[in-house]
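Chains, contacts and geometry: an overview
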Amino acid sequence: MITKRIIPCLDVKDGRVVKGVKFKGLSDVSSPVELGRYYSKMGADELVFYDITASAEGRKLFTEILTQVASQIFIPLTVGGGINSIEDFDRVLKCGADKVSVNSGAIRNPQLIKEAAEKYGDQCVVLSVDVSLVNGEYRVFGRGGRDDTGLEAIEWIRKGVELGAGEVVVNSIDTDGVRNGFDLPLLEKVCQAVNVPVIASGGAGSIEDFVELFEKIPAVDAGLAASIFHFGDVEIPELKKELKKQGINVRITDPVTE
C-alpha cells in the first residue's frame, strides 16, 4: 500500500509566508525559515516553497531565503516560482531543493519540462497547475492565478506528464483558502488522466477533509495545505494519527522536541 504524504506549503512573498483566499487578499503569516523548521520537526513528509510573485513580477526566485529554509529542514523540498529555464532549475537545486516546480514557465515553453527531465530526471520535475472552472471547463491559469491561458487543464496536465513531469500538483483556485474540502471532481479527472503521483492542493479545512480526499480519491498520493497548518487549526501529528485510525497508510514519526 502506497504511503500517503502530508505536505505543508509555504507561499512566500517578499521573504515572508503569506496566505490568501482564491489566490487573493494575501496576509502575513510568519518566517519561512521558522515554519520550515517547525514542519520538519512535526513529521511533515515534504515541504513546498513557492515564491508566489516571481512570475508575475518577471523576476527570478529569491534564493537567499530559500537557502536558509533548505538548511533547516530534513525532509524533501520542492521549490517553485519564476522557473523559466534550465539555469533556474540548476540555481534552486544548488540552493538545496530536491524537486523543482514549474508552472507559468512551462506554459510559455512546454519543452522546458522535457529538457529538465532529461537533465535531472523525471522525479525532479513537478508540474504545478493552477486550475479554475470557467464556463463548465477546467482551465489553466498562469502568473499566480492572474491569467486565464485558455488551456484545458486535463489535456495540459496529460501533455506535461508526456513531456516528462514526474509529479503533478493540482492547485484548485476555486477552493483555495475556502476550507470546504478539496476539489474532488477535478482531482478524480486528473488521476484518471495520468499515472504519476498527484498532489491535491486547495480547500483543506479540517482533518476530515484529508480523510475524505484519500478515501474518495485513493489514487491521490498526497494532500497539500497551508493555512490550516500555519494557524494551528490542524496539527500534523494529530492528522496522521486520525488517517492511520481510518485505515489510510501514512508515515508516523514522533515530533522532534529540543
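Residues numbered from 1 in each chain as written. Predicted model: local features only at pLDDT ≥ 70, side-chain atom pairs only at ≥ 80, totals over all residues. Heavy atoms only, no water.

1. Some words on the overall build of the protein chain
In plain terms, the rule: We count a stretch as a helix when DSSP gives it H or I for four or more residues in a row; a strand needs E for two or more, and each element gets its number in order from the N terminus. Each residue is placed in one exposure class: buried if its accessible area under a 1.4 Å probe, protein chains only, is under 20% of its type's maximum, exposed if it is over 50%, and partly exposed if it falls in between. Note on contacts: a residue pair is in contact if any heavy atoms of the two residues lie within 4.5 Å. The Shrake-Rupley method, run with a 1.4 Å probe sphere, supplies the accessible areas, and residue values consider only the shown protein chains as cover.
Helices and strands together make up the secondary structure of the protein chain, namely 10 helices and 12 strands. Looking at the protein chain as a whole, 59% of its 258 residues qualify as buried. In the protein chain, the proportion of contacts linking residues at least 24 apart, taken out of those at least 6 apart, comes to 66%. Split by element, the accessible area of the protein chain, about 10900 Å² in all, is 49% carbon and sulfur.

2. Topic: the UniProt feature "active site" (unreviewed entry) in the protein chain
Definition in use: UniProt positions are given in the numbering used here, feature names are shortened, and annotations may be inferred rather than shown by experiment. Polar contacts, as used here, are pairs of N or O atoms within 3.5 Å; protein pairs need one atom able to donate a hydrogen and one able to accept it. Residues neighboring in sequence count only if both atoms are side-chain atoms.
Here the UniProt feature "active site" (unreviewed entry) sits at Asp 11 and Asp 130. Sequence-wise these annotated residues cover 120 residues; spatially they are packed, their C-alpha atoms never more than 13.8 Å apart. In this fold, Asp 130 is placed in strand E7 (residues 125–134). Of the polar contacts made by the side chain of Asp 130, one reaches the side chain of Asn 103; its length is 3.2 Å.

3. Re the nonpolar core
Filter applied, for reference: Nonpolar core, defined: a set of buried Ala, Val, Leu, Ile, Met, Phe, Trp, Tyr and Cys residues in which side-chain atoms within 4.5 Å join the residues together.
Among the nonpolar cores identified, the biggest contains 76 residues, and Phe 89, Val 102, Ile 113, Leu 187, Phe 210, Phe 229 and Leu 243 are the most heavily contacted of them. In this view, Phe 89 contacts Ile 83, Val 100, Val 102, Leu 112, Ala 116, Tyr 120 and Val 125; residues no more than four positions away in its chain are not counted. Among the nonpolar cores identified, the runner-up in size contains 10 residues, and Ile 7, Cys 9, Val 126 and Ile 199 belong to it.

4. Considering the packing of helix H1 (residues 32–41) against helix H2 (residues 63–72)
Note the following rule: Axis definition: a line fitted to C-alpha atoms, limited for helices to the stretch in contact. Angles are taken between N-to-C directions and run from 0 to 180 degrees. We call two directions roughly parallel when the angle between them is under 35 degrees, roughly antiparallel when it is over 145, roughly perpendicular when it lies between 65 and 115, and oblique otherwise. Each crossing is labelled by how the near helix is turned from the far one, with a counterclockwise turn of less than a right angle marking it left-handed and a clockwise turn marking it right-handed. Under the scheme applied here, ten amino acids are nonpolar (Ala, Val, Leu, Ile, Met, Phe, Trp, Tyr, Cys and Pro), four are charged (Asp, Glu, Lys and Arg), and all others, including Gly, are polar.
Where H1 meets H2, the closest approach of the two axes is 8 Å, and the angle between their N-to-C directions is 20°. The orientation of H1 relative to H2 falls into the category roughly parallel. Crossing hand, H1 versus H2: right-handed. Counting all contacts with H1, which are made through Pro 32, Val 33 and Arg 37, the residues of H2 involved are Ile 65, Gln 68, Val 69 and Gln 72. Classifying every residue of the contact of H1 with H2 gives 4 nonpolar, 2 polar and 1 charged.

5. With respect to the packing of helix H3 (residues 86–94) against helix H5 (residues 111–120)
Geometrically, a packed helix pair is captured by the angle between its two axes and the distance between the axes. Put simply, H3 and H5 touch, their axes get as near as 10 Å, and they point 45° apart. Viewed along their axes, H3 and H5 adopt a mutual orientation that is oblique. Both H3 and H5 take part in a crossing whose hand is right-handed. Here Ile 86, Phe 89, Asp 90 and Leu 93 of H3 come into contact with H5, specifically with Leu 112, Glu 115, Ala 116, Lys 119 and Tyr 120. In terms of residue class, the contact of H3 with H5 is made up of 6 nonpolar, no polar and 3 charged.

6. Concerning empty space enclosed by the protein
Convention followed: Cavity and pocket criteria rest on a 1 Å grid covering protein atoms alone: a 1.4 Å probe that fits but cannot get out defines a cavity, protein on both sides within 12 Å along at least 5 of 7 lines defines an open pocket, and an atom within 4 Å of a point defines a lining residue. Grid points are joined across faces, edges and corners, and a volume is the space filled by probe spheres set on the points.
Counted by the stated rule, this structure contains 1 cavity of 30 Å³ or more. Approximately 30 Å³ is the volume found for the largest cavity. Val 170, Ser 172, Phe 182, Asp 183, Leu 186, Leu 187, Ser 201 and Gly 202 together form the lining of the largest cavity. Listed by contribution, the elements that provide at least two residues to the lining of the largest cavity are strand E10 (167–172) and helix H7 (184–193). Per-class residue counts for the lining of the largest cavity are 4 nonpolar, 3 polar and 1 charged.

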